[in-house]
Amino acid sequence: MFEDLSFSLEGGSALVVTGANGIGKSSLLRTLAGLVPLAQGSIRLEGGAPDTPPQEHIHYFGHQDAVKPALSALENLQFWRNFCAAAHGSGFSGDPMEPLKAFDILGIEHTAQLPAAFLSAGQKRRLSLCRLLVTPRPVWLMDEPTAALDRVSESQLLDLMNAHLAAGGLIVTATHSDLALEKTLNLHLQTGDAADLPLEDAPQ
Amino acid sequence: MAFWDYANPTRFLKLVQVVLPWLTGLCVVAFAAGLYMSFFVAPEDYQQGQTVRIMYIHVPAAWLSMMCYSIMAVSSLGTLVWKHPLADVSAKTAAPIGAAFTFMALVTGSLWGKPMWGTYWVWDARLTSVLVLLIMYLGLMTLWRTMDDPIKAGKAAAVLTLAGALNLPVIKFSVDWWNTLHQPASVMRLDGPTIHPDILWPLLVMAVAFTLLFFVLHLMAMRNEILRRRVRTLRLRAASAAHPRSAVATAQPAE
Amino acid sequence: MSTWAIVLFQRDLRLSVRVGGSALVGVLFFLAVVTVIPFGVGPDLNLLSRIGPAILWIGALLATLLGLDRLFQADRDDGTIDLMLMAGRPLELVVLIKCLAHWVATGLPLVVAAPLLGVFLNLEPAAMAAVTLTLLVGTPALTLIGAIGAALTVTLRRGGLLLAVLVVPLAIPVLIFGVSSADAAIHDPVPFLTPFLILCALSLIAAVIGPIASAAALRFAAD
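Scope of this entry: the structure provided in the associated data block. (Residues numbered from 1 in each chain as written. Chains lettered and ligands numbered in written order. Predicted model: local features only at pLDDT ≥ 70, side-chain atom pairs only at ≥ 80, totals over all residues. Heavy atoms only, no water.)

Bringing the overall build of chain C into the picture now. Within chain C one finds nine helices and zero strands. In sequence order, chain C lays out its α and β elements as α-α-α-α-α-α-α-α-α. Its C-alpha atoms give chain C a radius of gyration of 18 Å, within 12% of the compact-globule value 17 Å for 223 residues. Its C-alpha atoms give chain C principal-axis dimensions of roughly 55 × 35 × 30 Å. Evaluated residue by residue, chain C yields a buried proportion of 55% over its 223 residues. Only carbon and sulfur atoms are counted for the fraction: they give 72% of the accessible area of chain C, which is about 8,800 Å². (Helix = DSSP H or I, 4+ residues; strand = E, 2+ residues; numbered from the N terminus. Rg over C-alpha atoms; globule rule 2.2 N^0.38 Å. Buried < 20%, exposed > 50% of the residue type's maximum accessible area, 1.4 Å probe, protein only. Areas by Shrake-Rupley, 256 points an atom, 1.4 Å probe, with all protein chains shown as cover.)

Take a look at the structure:
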């Protein structure tokens, strides 16, 4: 799928992946998440817990929300909080957040006791975001994070992402819209017909 | 390292081209000898008369039905553990051949059973085990057919083949147990050391002929499968001609 | 067991109880199977009591297989499986716990219903107890073996029938020893314990092979 793709990212910075539809942004994120095996090459995470594969330091926030309609919003979040193992890395100082506080930040605290079936698409998306807050993990992989979010939630999301970067985390995000993130690098995916520009390691 | 050299499909196809005519010739000779021996050399059975000659088809077919599954199990290990690119092709193409031999073993078994037991089907431990094996073959073939992506289908089928291989002895054991519980001792016993050389030799030659036949068919089927996959890849490429075949990245720091 | 295992178990149990009442549907199906068989073989009570254990076992096998197709599919459809693969928990154990929860929600009700249905089949109290006991030990094996099929067909839109075809050959030993130990308790050609202990062994083997094979299949289905 990809050729000659290499990049490195330091703690506290974000990589914004752009490119045309179907170019493989989602596949790149899924590969980084360890869900698609690598044909060649390697993914390394420095400063992570030893004996733990990189994908267990990663929160993957994809197109699907992994929200069960039959459970209440709080039950959904509680499950992920207890099921997903937290991970720490050197230089990353994220703290776990209480589920209700996460709801509060994202403005869905009134839905906590409601079955998730009654939530709108945007609310489900925000509920899924809360998952990233209640279990600290240094790397966030976000595929179109602003999809289905209104303008207010989008700015809340940006605040959260900036806070994650400030705590020393990493973010790799695929997006079409401009995100006002601090310390970003751009990765623009193009078709193979374009000049073969090897990707240099990012400064900083 | 010869094993790994032939991991390359092109090299494998070349090898097949060289080996196949010889193998086919050997197979024909073995069949001519085996059939001649089993029809004209081997004696009639004093009880069963001419019907005993079904054995020369039935026993090799049954033997192959087992060998075929073993080859599939080894190929599945090759797919999952060694990630050998031809292992999955080998497993996939062995399944229909194995199913065919299993079916042949069942049909000849029941044809032989008619004069012996007076009925075409008896829930004999052996026949039942072979029937279960046939269902497993057919299930595996269906699994391969229902999945579009050959790589995914190959891995899924490999998991099932290995689970089946672990279970086969258990199934055999339980069917034997079940059978002795419900029926008196088995009607016929072909194995055992007391088999007469007049019968043994034709049987062995036929077994060799069947084994050669399997390899001829298997190599042919593998060749076809490799070509079929190439056609599939070419079609996928043709369909995405407007699209990139591969993506490369360019990047520049923002800000 | 650690917290995550308990949480997963509770979640799956809650989901199966809340969504569609799968436990009830399974028992209803079981009842339907047991009801149609006398129409097929005739109302002879002696015959029915003789083949009663077999009828109950086949009914339980079919009910278990039919309920299995959503075991992993629901979690795959909404992306949960991806997150479970990344959660840092051994997938084999996750599968084992999911199977356990699924069994409690769908298999255990069948075991509880078996004595009641035994009344329809004119089973002696001893036979009823024996069938119930063998079902209690044997149905987890059916769920665990069926999980392999469920994991293999997780990407298929309509994998239910294929699942049954793939799993039935692997489930034959469980059926054989389940029915023969129930039979052994009634009219003893062999002591009850021999087939019963083999049945227990089969369940334990299934508890190893099932999760390992299912986890492998789920990993391959992720990409």
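Although it is not a glycine, Glu144(A) adopts a positive phi angle of roughly 50 degrees. Here Glu144(A) is to be found in the loop between β3 (139-143) and α5 (151-166). Relative accessible area serves as the criterion here: at 14%, Glu144(A) is assigned to the buried category. The residue Lys83(B) is not glycine, and still its phi comes out positive at about 55 degrees. Structurally, Lys83(B) can be placed in the loop between α3 (55-82) and α4 (87-117). Judged by relative accessible area, which is 58%, Lys83(B) ranks as exposed.

Now for the interface of chain C and chain B. Listed per partner, the contact involves 26 residues of chain C and 27 residues of chain B. Ranking the residues of chain C by area buried against chain B places Leu152(C), Leu170(C) and Phe220(C) at the top, with a combined share of 24%. The interface formed by chain C and chain B holds zero salt bridges in total. Here chain C and chain B share one residue pair in polar contact (both at pLDDT 80 or more) between them. Mapped by element, the contributors of at least two residues to the side of chain C that touches chain B are α7 (125-152), α8 (160-186) and α9 (193-222) of chain C. Taken together, the residues of the side of chain C that touches chain B break down into 22 nonpolar, three polar and one charged. (Contact = heavy atoms within 4.5 Å. Buried area = accessible area lost by both parts, 1.4 Å probe. Salt bridge = Lys/Arg side-chain N within 4 Å of Asp/Glu carboxyl O. Polar contact = N/O pair within 3.5 Å; in protein donor to acceptor, adjacent residues only side chain to side chain. Nonpolar A, V, L, I, M, F, W, Y, C, P; charged D, E, K, R; others polar.)

One pass over the structure, following the stated rule, counts zero disulfides over all chains. Unpaired in this structure, Cys68(B) has its nearest cysteine sulfur neighbour in Cys27(B), at a distance of 14 Å. (Disulfide = S-S within 2.5 Å.)

What follows covers the packing of α3(B) against helix α5 (residues 125-146) of chain B. Residue and element names in this part refer to chain B. At their nearest, the axes of α3 and α5 sit 11 Å apart, and the two run at 40 degrees to each other. It follows that α3 is oblique to α5 by the angle criterion. Of the two possible hands of crossing, α3 and α5 adopt the one that is left-handed. Counted together, Ser65, Met66, Cys68, Tyr69 and Met72 of α3 and Leu133, Met136, Tyr137, Leu140 and Trp144 of α5 form the full contact between these two elements. Here the contact of α3 with α5 is composed, by residue class, of nine nonpolar, one polar and no charged. (Axes fitted to C-alpha atoms, helices over the stretch in contact; angles between N-to-C directions. Parallel < 35°, antiparallel > 145°, perpendicular 65-115°, else oblique. Left-handed = near helix turned anticlockwise from the far one by under 90°.)

This next bit is on the interface of chain A and chain C. Each partner contributes residues to the interface: chain A has 26 residues there, and chain C has 26 residues. Taking both partners together, chain A and chain C bury about 2,300 Å²; carbon and sulfur atoms supply 64% of that area. At the surface where chain A touches chain C, the tally comes to five salt bridges. Here chain A and chain C share 13 residue pairs in polar contact (both at pLDDT 80 or more) between them. Among the elements of the structure, β2 (58-61) and α2 (73-83) of chain A are those that each provide at least two residues to the side of chain A that touches chain C. Among the elements that make up the side of chain A that touches chain C, the one with the highest residue count is α2(A) (five residues).

Counting 166 residues, the largest nonpolar core has Phe83(A), Leu141(A), Leu143(B), Phe30(C), Phe72(C) and Leu152(C) as the members making the most contacts within it. The leading source of residues in this core is α7(C), at 14 residues. Those residues in contact with Phe30(C), other than ones at most four positions away along the chain, are Leu56(C), Gly59(C), Ala60(C), Leu110(C), Ala113(C), Ala114(C) and Leu117(C). Grouped together as the second largest cluster of nonpolar side chains are 31 residues, Leu119(A), Leu133(A), Leu157(A) and Leu179(A) included. (Core = buried A, V, L, I, M, F, W, Y, C linked by side-chain atoms within 4.5 Å.)

The next thing to look at is a nonpolar patch on the surface. A contiguous nonpolar patch, built from Leu35(B), Tyr36(B), Phe39(B), Phe40(B) and Val41(B) and spanning about 550 Å² of accessible area, is present on the exposed surface. By relative accessible area, which is 34% here, Leu35(B) ends up partly exposed. (Patch = residues over 30% accessible without salt bridge, like charges linked within 9 Å, V, L, I, M, F, W, Y side chains within 5 Å.)

A word on the packing of aromatic side chains. Applying the stated criterion across every chain, the model contains 14 aromatic pairs over all chains. Ring geometry for Phe31(B) and Phe210(B): centres 5.5 Å apart, planes at 45 degrees, overall tilted. Placement of Phe31(B) in helix α2 (residues 9-41) and of Phe210(B) in helix α7 (residues 197-239) is noted, with a sequence separation of 179 residues between them. A relative accessible area of 19% places Phe31(B) in the buried class. Overall, the relative accessible area of 3% leaves Phe210(B) in the buried class. Chaining the aromatic ring pairs together yields one cluster made of Phe79(A), Trp80(A), Phe83(A) and Trp4(C). Positioned above the aromatic ring of Tyr120(B), the side-chain terminus of Lys114(B) is 5.0 Å from the ring centre. One residue, Arg11(C), lies across the ring of Phe79(A), its end atom 4.6 Å from the ring centre. (Phe/Tyr/Trp six-rings, centres within 6.5 Å; stacked < 30°, edge-to-face > 60°. Lys NZ or Arg CZ within 6 Å of the ring centre and 35° of its normal.)

Glancing now at the pattern of salt bridges. Where charged atoms from two side chains of opposite charge approach closely, those side chains can pair. In total, this model carries 18 salt bridges over all chains according to the counting rule given. A salt bridge links Arg229(B) to Glu225(B); the nearest nitrogen and oxygen atoms lie 3.0 Å apart. Taken together, the residues span about one helical turn, with Arg229(B) and Glu225(B) both in helix α7 at a distance of four residues. Like Arg229(B), the residue Glu225(B) is buried in the burial classification. The salt bridge involving Arg11(C) is made with Asp75(C); its shortest N-O contact spans 3.1 Å. Of this pair, Arg11(C) sits in helix α1 (residues 3-18) while Asp75(C) is found in helix α4 (residues 70-77), placing the two residues 64 residues apart along the sequence. What emerges from the salt-bridge pattern is a single network uniting Lys68(A), Arg11(C), Asp12(C), Asp75(C), Asp78(C) and Lys98(C).

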